[in-house]
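Overview (structure and organization)
Residue strings, one per chain:
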Amino acid sequence: MAGKQRYYAVWQGRQPGVYRDWETCKAQVQGVAGAQYKSFGSLAEAEAALKMPYSSVVKTGTSNGRNGANGQSGCLIVDDNGMTVVKPGTENAPVLDALAVDAACSGNPGVMEYQGIYIPTRTRVFHYRSEKGTNNIGEFLAIVHGLSYLKRHHLNQIIYSDSVNAIGWVRQKVCKSKLPEDATTAELWDYVHRAESWLRTNSYTTEIRKWDTERWGEIPADFGRK
């Protein structure tokens, strides 16, 4: 059975407007720092919402469904200044002055990418893409990239990841993926081995924490492909 039709309002993206399918909307917002978008059950709702300030729409919860990188997610909302804040009354909330990392893979293996997002502003601080990889490799590399980024910029922030496997691999300083090393993955594996070498030769004080998806909603670095 086909899913219910959704409509997507884009306040901030490559071309603001209302879009009738997720793939078209994604083309407008993916990779755009601070993208603002939200899905609705009807065209009228989406058009009406687009006439209002984005922050007022996500705070009132006028619709359920897919939300943008600055949208409402679990215990996090956006205030009138466009900053991510914790919903009033939320207990055991995540630290906001932190870096969230996540990966996505189209197929297994398949096209893989990961990104690091600064939670308060939902600003993308790094991004990587490989034509062939796995989600676990992406999650591992994202954490190591985050560690390197924070150390290089002398930042004392937490890193959040929603991958138990990747956190374990980082602590063991080795990527335990079974992805074959061949001509199609040579560039990626070279990147992985450099990440492992960085872990073995660098010290860091950054705390790596597991993102509590069940309590907090999707991690802010999520690519929204579920």
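Thresholds applied
- Residues numbered from 1 in each chain as written.
- Predicted model: local features only at pLDDT ≥ 70, side-chain atom pairs only at ≥ 80, totals over all residues.
- Heavy atoms only, no water.
- Pairing = 2+ DSSP bridges.
- Helix = DSSP H or I, 4+ residues; strand = E, 2+ residues; numbered from the N terminus.
- Axes fitted to C-alpha atoms, helices over the stretch in contact; angles between N-to-C directions.
- Contact = heavy atoms within 4.5 Å.
- Buried < 20%, exposed > 50% of the residue type's maximum accessible area, 1.4 Å probe, protein only.
- Phe/Tyr/Trp six-rings, centres within 6.5 Å; stacked < 30°, edge-to-face > 60°.
- Salt bridge = Lys/Arg side-chain N within 4 Å of Asp/Glu carboxyl O.

**Quick word on the sheet that holds strand β9 (residues 158–161)**
In any sheet, the strands associate via hydrogen bonds between backbone groups, in a parallel or an antiparallel arrangement. The mixed open sheet is built from 5 strands, whose spatial order is β8-β7-β6-β9-β10. Each end of this open sheet is capped by a strand with a single partner; those strands are β8 (123–133) and β10 (208–210). Across this sheet, the average inter-strand angle for adjacent strands is 20°, counted without regard to direction. Both strand β6 (residues 98–107) and β9 contribute to a ladder of 3 bridges, which runs parallel. When the bridges of β9 are listed, Ala-98 appears paired with Ile-158. Those strands touched by helix α5 (residues 164–172) are β9 and β10, and its axis lies near 155° from that of β10. Packing of helix α6 (residues 186–201) onto the sheet brings it into contact with β7 (110–118) and β8, and relative to β8 it is tilted by some 130°.

**Section: unusual backbone geometry**
Following Asn-108, the chain continues into Pro-109 via a peptide bond in cis, with omega recorded as 5°. Tracing the chain through its elements places Pro-109 in the loop between β6 and β7. If you check the backbone angles, Arg-122 has positive phi at about 55° while not being a glycine. Residue position: Arg-122 is located in the loop between β7 and β8. Within the chain, His-154 stands out as a residue other than glycine whose phi angle is a positive 55°. Position of His-154 among the secondary structure elements: in the loop between α4 (135–152) and β9. Residue His-154 is classed as exposed on the basis of its relative accessible area of 72%.

**Points about the packing of aromatic side chains**
Per the stated rule, a full pass over the model turns up 11 aromatic pairs. Look at Tyr-114 and Phe-126: their rings are 6.1 Å apart centre to centre, the planes differ by 75°, and that puts the pair in the edge-to-face class. Within this pair, whereas Tyr-114 is found in strand β7, its partner Phe-126 is found in strand β8, the two being separated by 12 residues in sequence. Across the pair, Phe-126 and Tyr-114 agree in class, each one buried. Centroid distance Trp-198 to Tyr-204: 6.2 Å. Interplanar angle 25°. Geometry classified as stacked. Its relative accessible area of 16% is what places Trp-198 among the buried residues. Look at Tyr-204 and you get partly exposed, because its relative accessible area is 26%. Pairwise contacts between aromatic rings join Tyr-114, Phe-126, Tyr-128, Tyr-149 and Tyr-191 into one cluster.

**Regarding the sheet that holds strand β2 (residues 17–19)**
Read from one edge to the other, the open sheet built from 3 strands follows the order β2-β1-β3, with strand pairing classed as antiparallel. Strand pairing shows two members of the sheet lacking a second neighbour, β2 and β3 (36–40), which therefore form its edges. Put simply, the sheet's adjacent strands are angled 25° from each other on average, direction ignored. Pairing of strand β1 (residues 7–12) with β2 involves 3 bridges; the strand directions are antiparallel. Residue pairing in the sheet places Tyr-8 in a bridge with Tyr-19 of β2.

**Re the pattern of salt bridges**
The final tally for this structure, using the stated rule, is 5 salt bridges. Among the salt bridges present, the one from Arg-129 reaches Glu-131, with a minimum N-O distance of 3.2 Å. Under the relative-accessibility criterion, Arg-129 is labelled partly exposed at 46%. For Asp-212, the salt bridge is made with Arg-215, and the minimal N-O distance between the two is 3.7 Å.

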